[in-house]
Amino acid sequence: MRKTSPCAKKYIKESGAAVVIFIFLITLTISILVAQNLSVTGLRFDRERRTALALAEAKTALIGWSASQNTPGILPCPEDVSLIGTPNEGSSKSSCNSLPSMGRLPWKTLGIGDLRDGNGDKLWYVISNGFRASPINLNSLSQLTVDNQQQAAVAIIFSPGLALEGQNRSAANSTNVHYYLDLINSSGNNGFVTKGQADHFNDQLKVITKNDLFKVVNFRILGEIRGDSSQGLNRYFSSYGNYPFADVNFDGDADNNQLIGAPSYNGSLLANSLFFSTQKKQMLVNNGWTSLVQYSLNEDRKKVVLILGDQLLVLGSLP
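Reference entry: report on the structure contained in this document. Since this is a predicted model, take the numbers as computed values, not measurements. (Residues numbered from 1 in each chain as written. Predicted model: local features only at pLDDT ≥ 70, side-chain atom pairs only at ≥ 80, totals over all residues. Heavy atoms only, no water.)

**Topic: the overall build of the protein chain**
The following threshold applies: To qualify as a helix, a DSSP run of H or I must reach at least 4 residues; to qualify as a strand, a run of E must reach at least 2; elements of each kind are numbered from the N terminus. Summary of the burial criterion: residues with accessible area below 20% of their type's maximum are buried, those above 50% are exposed, and those between are partly exposed, where the area comes from a 1.4 Å probe applied to protein chains only. Any two residues whose heavy atoms approach within 4.5 Å at even a single point are treated as in contact. Accessible surface area values rest on a Shrake-Rupley calculation with a 1.4 Å probe, where residue burial reflects the displayed protein chains alone.
The number of helices and strands found in the protein chain is five helices and 11 strands. Each of the 319 residues in the protein chain was classed as buried or not, and the buried ones make up 42%. Pairs at least 24 residues apart make up 56% of the contacts formed inside the protein chain by residues separated by at least 6 positions. Just so you have it, the protein chain exposes about 16900 Å², and 55% of that area is on carbon and sulfur atoms.

**Some points on the packing of aromatic side chains**
Put simply, the rule is: Working definition: a ring pair exists when centres of Phe, Tyr or Trp rings (six-membered ring for Trp) sit within 6.5 Å. Plane angles under 30 degrees give stacked, over 60 give edge-to-face, the rest tilted. Any Lys NZ or Arg CZ found within 6 Å of a ring centre and within 35 degrees of that ring's normal is scored as a charge over the ring.
Tallied over the full model, the rule gives six aromatic pairs. Residues Phe 237 and Tyr 243 carry aromatic rings whose centres are separated by 4.7 Å and whose planes lie at 35° to one another, so their mutual orientation is tilted. The exposure class of Phe 237 is partly exposed, given its relative accessible area of 27%. Pairwise contacts between aromatic rings join Phe 131, Phe 214 and Trp 289 into one cluster. When the ring centre of Phe 275 is taken as origin, the NZ or CZ atom of Arg 235, which lies over that ring, is 3.9 Å away.

**Brief notes about the environment of Lys 93**
Position of Lys 93 relative to the elements: it lies in the loop between helix H1 (6-67) and strand E1 (101-104). Look at Lys 93 and you get partly exposed, because its relative accessible area is 30%. When the C-alpha atoms of Lys 93 and Cys 77 are compared, they prove to be 5.4 Å apart, with 16 residues separating the residues in sequence. Setting aside anything within four residues of it in sequence, one finds Lys 93 in contact with Cys 77, Pro 78, Glu 79, Asp 80 and Ser 101.

**Concerning the side chain of Lys 59**
You can see Lys 59 is positioned in helix H1. For Lys 59, the residues in contact, after removing those within four places along its chain, are Ile 157, Lys 206, Val 207, Ile 208 and Asp 212.

**Some details on the sheet that holds strand E6 (residues 191-192)**
In plain terms, the rule: At least two DSSP bridges between two strands are required for those strands to pair.
Spatially, three strands are ordered E4-E3-E6 in an open sheet, and the strand pairing comes out mixed. Strand pairing shows two members of the sheet lacking a second neighbour, strand E4 (149-153) and E6, which therefore form its edges.

**A few points about the pattern of salt bridges**
Two side chains that carry opposite charge are able to pair once their charged atoms sit near each other. To keep it simple, the criterion reads: One side-chain nitrogen of Lys or Arg within 4 Å of one carboxyl oxygen of Asp or Glu is enough to make a salt bridge.
Overall, the coordinates contain 10 salt bridges when judged by the stated rule. Its salt-bridge partner being Asp 114, residue Lys 122 comes within 2.8 Å of it at the nearest N-O pair. Taking the shortest distance from any N to any O, the salt bridge between Asp 121 and Arg 169 comes out at 3.1 Å. Of this pair, Asp 121 sits in the loop between helix H2 (107-110) and strand E2 (124-127) while Arg 169 sits in the loop between strand E5 (155-159) and E6, and the two are 48 residues apart along the sequence. The residues Asp 121 and Arg 169 share a single accessibility class, namely buried. One network of salt bridges, with partners in common, ties together Asp 46, Arg 49 and Arg 50.

**A short note on the environment of Asp 80**
Counting through the fold element by element, Asp 80 comes out in the loop between H1 and E1. The spatial distance from the C-alpha of Asp 80 to the C-alpha of Ser 91 is 6.0 Å, given a sequence separation of 11 residues. Not counting chain neighbours up to four residues away, the residues in contact with Asp 80 comprise Ser 91, Ser 92 and Lys 93.

**What to know about the state of the cysteines**
Formally: Criterion for a disulfide: a pair of cysteine sulfur atoms within 2.5 Å.
Applying the stated criterion across every chain yields a total of one disulfide. The disulfide partner of Cys 77 is Cys 96, and the gap between their sulfur atoms is 2.1 Å. Taking the sign of the torsion about the S-S bond as the criterion, the disulfide between Cys 77 and Cys 96, at about -85°, is left-handed. Here Cys 77, found in the loop between H1 and E1, pairs with Cys 96, found in the loop between H1 and E1; they are 19 residues apart in sequence, far enough to count as distant. Across this residue pair, the class does not change: Cys 77 and Cys 96 are buried.

**Side note on unusual backbone geometry**
Between Ser 134 and the following residue, Pro 135, the backbone shows a cis peptide bond with an omega angle of 0°. Looking at where Pro 135 falls in the secondary structure, it is placed in the loop between E2 and strand E3 (144-146). For Phe 250, which is not glycine, the phi dihedral falls at a positive 60°. Within the fold, Phe 250 resides in the loop between helix H4 (232-240) and strand E8 (260-261). A positive phi angle is found at Phe 275, which is not glycine, with a value near 65°. As for its placement among the helices and strands, Phe 275 is situated in the loop between E8 and helix H5 (278-286). Given the relative accessible area of 25%, Phe 275 is considered partly exposed.

**Overview of the pairing of E5**
Within a regular strand, the side chains alternate between the two sheet faces. Counting buried residues in E5 gives five out of five residues, a clear majority hidden from the surface. Side-chain alternation along E5 places Ala 155, Ile 157 and Ser 159 on one buried face and Ile 156 and Phe 158 on a second face that is also buried. Relative to E5, E2 runs antiparallel, the two sharing four bridges. Each residue of the ladder has a partner; that of Ile 127, found in E5, is Ala 155. Pairing of E5 with strand E7 (residues 204-208) involves five bridges; the strand directions are antiparallel. Directly across from Ile 156, in E7, lies its bridge partner Val 207.

Keep in mind these numbers describe shape, not what the thing actually does.
Spelled out as structure tokens, the structure:
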């Protein structure tokens, strides 16, 4: 049997060590690349998560703000850029007659703080025509088109994404929509899109549909008609022991012996008052709400059912 020479043994030993080192370096390189990839992926997911949370918070705040106003359903104008750098920065403009009106989200008016997306950018916002002044009610039509779907939104909130080529987001351009939103989203027209080629589009949109808005607003309206100890149906019942007849001709007066119709805002012919304050009565009447509410009584008028859109409210004892 042939013996291995000392030189050969040394070569084999050194070659084996080199292979081990080579494998170690390859493994280390792969581990670094995987770690970097996981880090980048994690950062991207975190940005997307923070953006999604910011858009959701803005949507909730806008709907809540709208439902709480003297004209429920009204939406705030975008941010008043003349107030930037002042204590009132983030407040909405007092008027925005050029509709649809687009600008930055009026975070101070909404009471949500200086809300940012996952990239640290301010959110943008557009509102539809028809949601700035009375009359606003369930019949108001949304005017914004999304991905060619007509009447798709009453408002849209935007996260602008990272700056694309040509979008110089310097301080001087901070309120210029063309440096933030992409494709037709920055055009100032009624039409918007949610997708486009990756190198030309990275906006993220949160749409507020008419149903989103009025699902909450309708509940507010029914609550106002229900009232409390000082006004509305609750006050009427506590005063007379029953609920007023229905209004069948929409003149505001309850019509004697009528059990199905609309809620009166005056009361009944025998007791002509629901005790509504002037402000509450104007809110209901000026926006045409009472004729949209279905109002039905049982025979003894101790139970009433109110229906508005997909919201139902029952007052009085159940059968």
